[in-house]
Amino acid sequence: MNSRSLQTTIIFLVIGGILALALGGFFGSASRQFSSVLVEIQTWFSSRYLGAQDFFTAPRDIVSLRARNDELEAQVSQLQAQVIELQQRVNETDILAALVAFSRTNPESTYKAAAVIGRDPSPFLHYVIINRGSNDDIRRGMPVVTNQGLVGRVDSVIADAARVQLITDPASAINVYLQNAETDAVLFGSVTGDVSLNMISQDVSVEPGDLILTSGLGGGYPSDLIIGQVVTLRSLEFELFQQATVQPAVDFTRLEIVLVITNFRAVDITPLVP
Amino acid sequence: MRNIVAFPLLLVAVILQSSIVSQVKLISGHADLPLLMLGAWALQKRVKSAWLWAALACAMLAFISHMPWIVVVIGYFAVVYIAQTLQRRVWQAPMLAMFTVTFVGTIFLHLLSFLVLLALGTPFLFGDVIGLITLPSLLLNMLFSIPIYTFMRDLARWVYPSEEYE
């Protein structure tokens, strides 16, 4: 046996002895300390690696998060738009339901629903434009109402639209009937959109809250359409007639859908006026 | 061909005027978008088509408004005339010219509307018209005149490119 193989044999024996002692549990405390050092070193490397990984991968996460955030924001906007649209539809449905209820309680008239799509560009005039015209059998002079009361009457018509003169227009004059006082009067519009009563006889007692209806005189409107209520009365002894301010039943600032009474034909009495 | 832009632009202006601007009220007055656009357009240097724009705006407005057409025609052509006169004389201060056109044009158009409607039998009180319609409309027109002038100036530069415009 030469010296090299002797060395090899000794090394194997030492290693085998160490392993045998380790397996026999004689190196317990030493191996625990050794393994704990290894674990600490492993932990240090691992934490540094994870830190470096975070450093390099974090920007990608931010980009993806931003994209996700944008996506969710877009979704929220879409849902908000849907909510608004649905609320609008609920409002329209409420209005239409009220109009249907109104038309059922007034079966003597036939109605055509129309949406208000515009107003007269001039601030001097109170007209609205509706999306029904001669194609829908709308004719000049037809009264326009809502479930709350009288709106006005059709002033001019084209194929798919019509212009309606509101009762608040300064040129509007309507023969009306005061229900409680049982007397006739004339309702006028004004530049401000307020309406007022005139031509109330001095010997008639009118109280605030009295209901005002169309009288049907003159043939411009059917009778018994609600217009509003008397708010204040002005009665001066030296004047021929009393005057009253009126609260219209219809909110003209929020006109959206109206009903055109299609079975009423206005009578033109101009040739009879001297 | 350049004037083709007037059709969609004025159409949109008249639609906006009827559907939105006329509902944005200050007391009983509201802004007049076509008047401001015509005034601003006529104030632009080298713009020769202002009369055509005025005629187009008059045709559109006379179609949808109950206002007698003569009021619209005289009123809007007067606005263009005032704007072109001012453009030649105070061209170095365009915003001042725009404010002047807006002021004079609004007053003139409202006065004309008042007189013609009064002549046709509509009962108006001059004090009501001034206080409730004209002054609020004037204020709104003044406010809107700045962005509309800027928009029309940019439009004029687009329609008439720089080498022709400057």
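Everything below is about the structure printed above this text.
So, a few notes on the structure that sits alongside this text. (Residues numbered from 1 in each chain as written. Chains lettered and ligands numbered in written order. Predicted model: local features only at pLDDT ≥ 70, side-chain atom pairs only at ≥ 80, totals over all residues.)

### Some points on the overall build of chain B
Per the secondary structure count, chain B includes seven helices and zero strands. Dimensions of chain B along its principal axes, counting C-alpha atoms only, are 55 × 30 × 25 Å. Relative to its 166 residues, chain B shows a buried fraction of 43%. Considering only contacts within chain B whose residues lie at least 6 apart along the sequence, 71% involve residues at least 24 apart. (Helix = DSSP H or I, 4+ residues; strand = E, 2+ residues; numbered from the N terminus. Buried ≥ 20, exposed ≤ 12 C-beta atoms within 10 Å, placed from the backbone. Contact = placed C-beta atoms within 7 Å.)

### Considerations on the packing of helix α2 (residues 33-42) of chain B against helix α3 (residues 50-64) of chain B
Residue and element names in this part refer to chain B. Interhelical geometry of α2 versus α3 gives an angle of 170 degrees and a closest axis separation of 9 Å. When the interaxial angle is binned, α2 and α3 end up roughly antiparallel. For the pair α2 and α3, the contacting residues are Pro34, Leu38, Trp41 and Ala42 in the first and Ala50, Trp53, Ala54, Ala57 and Leu61 in the second. Taken together, the residues of the contact of α2 with α3 sort by class into nine nonpolar, no polar and no charged. (Axes fitted to C-alpha atoms, helices over the stretch in contact; angles between N-to-C directions. Parallel < 35°, antiparallel > 145°, perpendicular 65-115°, else oblique. Nonpolar A, V, L, I, M, F, W, Y, C, P; charged D, E, K, R; others polar.)

### Some points on the interface of chain B and chain A
Interfaces are often sized by the accessible area lost when the parts come together. If you look at the interface, chain B gives 23 residues, while chain A gives 18 residues. Secondary-structure elements contributing two or more residues to the side of chain B that touches chain A are α1 (6-19), α3, α5 (94-119) and α6 (126-159) of chain B. For the side of chain B that touches chain A, the element with the most residues is α6(B), which contributes five residues. Class assignment of the residues belonging to the side of chain B that touches chain A gives a composition of nine nonpolar, 13 polar and one charged.

### Considerations on the packing of α1(B) against α3(B)
Residue and element names in this part refer to chain B. Here α1 crosses α3 at 40 degrees, and the two axes come no closer than 10 Å. As α1 runs across α3, the sense of the crossing is right-handed. Between α1 and α3, the contacting residues are Ala6, Phe7, Leu10, Leu11, Val14 and Ser18 on the first element and Leu52, Trp53, Leu56, Ala57, Met60, Leu61 and Ile64 on the second. Of the residues in the contact of α1 with α3, the class split is 12 nonpolar, one polar and no charged. (Left-handed = near helix turned anticlockwise from the far one by under 90°.)

### Considering the pairing of strand β4 (residues 150-157) of chain A
Residue and element names in this part refer to chain A. Within β4, seven of the eight residues are buried, which leaves it mostly tucked inside the rest of the structure. The pairing of strand β3 (residues 143-145) with β4 spans three bridges and is antiparallel. Paired with Val144 across the two strands is Gly152, which belongs to β4. Where β3 hands over to β4, the hairpin turn is made up of four residues, counted between the paired strands. Judged from the five bridges that link them, β4 and strand β5 (residues 162-166) form a sheet pairing that is antiparallel. Within β5, the residue paired with Ser156 across the bridge is Arg163. (Pairing = 2+ DSSP bridges.)

### A word on the environment of A:Lys112
All names here are of chain A. Mapping Lys112 onto the fold places it in strand β1 (residues 111-119). Residue class for Lys112 comes out partly exposed when judged on the 17 C-beta atoms lying within 10 Å of it. Residues Lys112 and Asp184, spaced 72 residues apart in sequence, show a C-alpha to C-alpha distance of 29 Å. With residues up to four places along the chain from it excluded, the contact list for Lys112 reads Arg132, Asp136, Ile138, Leu259, Val260 and Thr262.

### Quick look at the sheet that holds β5(A)
Residues and elements named next belong to chain A. Around the barrel, six strands lie side by side as β1-β2-β5-β4-β3-β12; this closed barrel has antiparallel pairing. If you compare each strand with its neighbour and ignore which way they point, the axes differ by 45 degrees on average. Two strands pair when backbone bridges link them, and β1 and strand β12 (residues 257-261) are joined in this way by five bridges, in the antiparallel orientation. Paired with Ala114 across the two strands is Val258, which belongs to β12.

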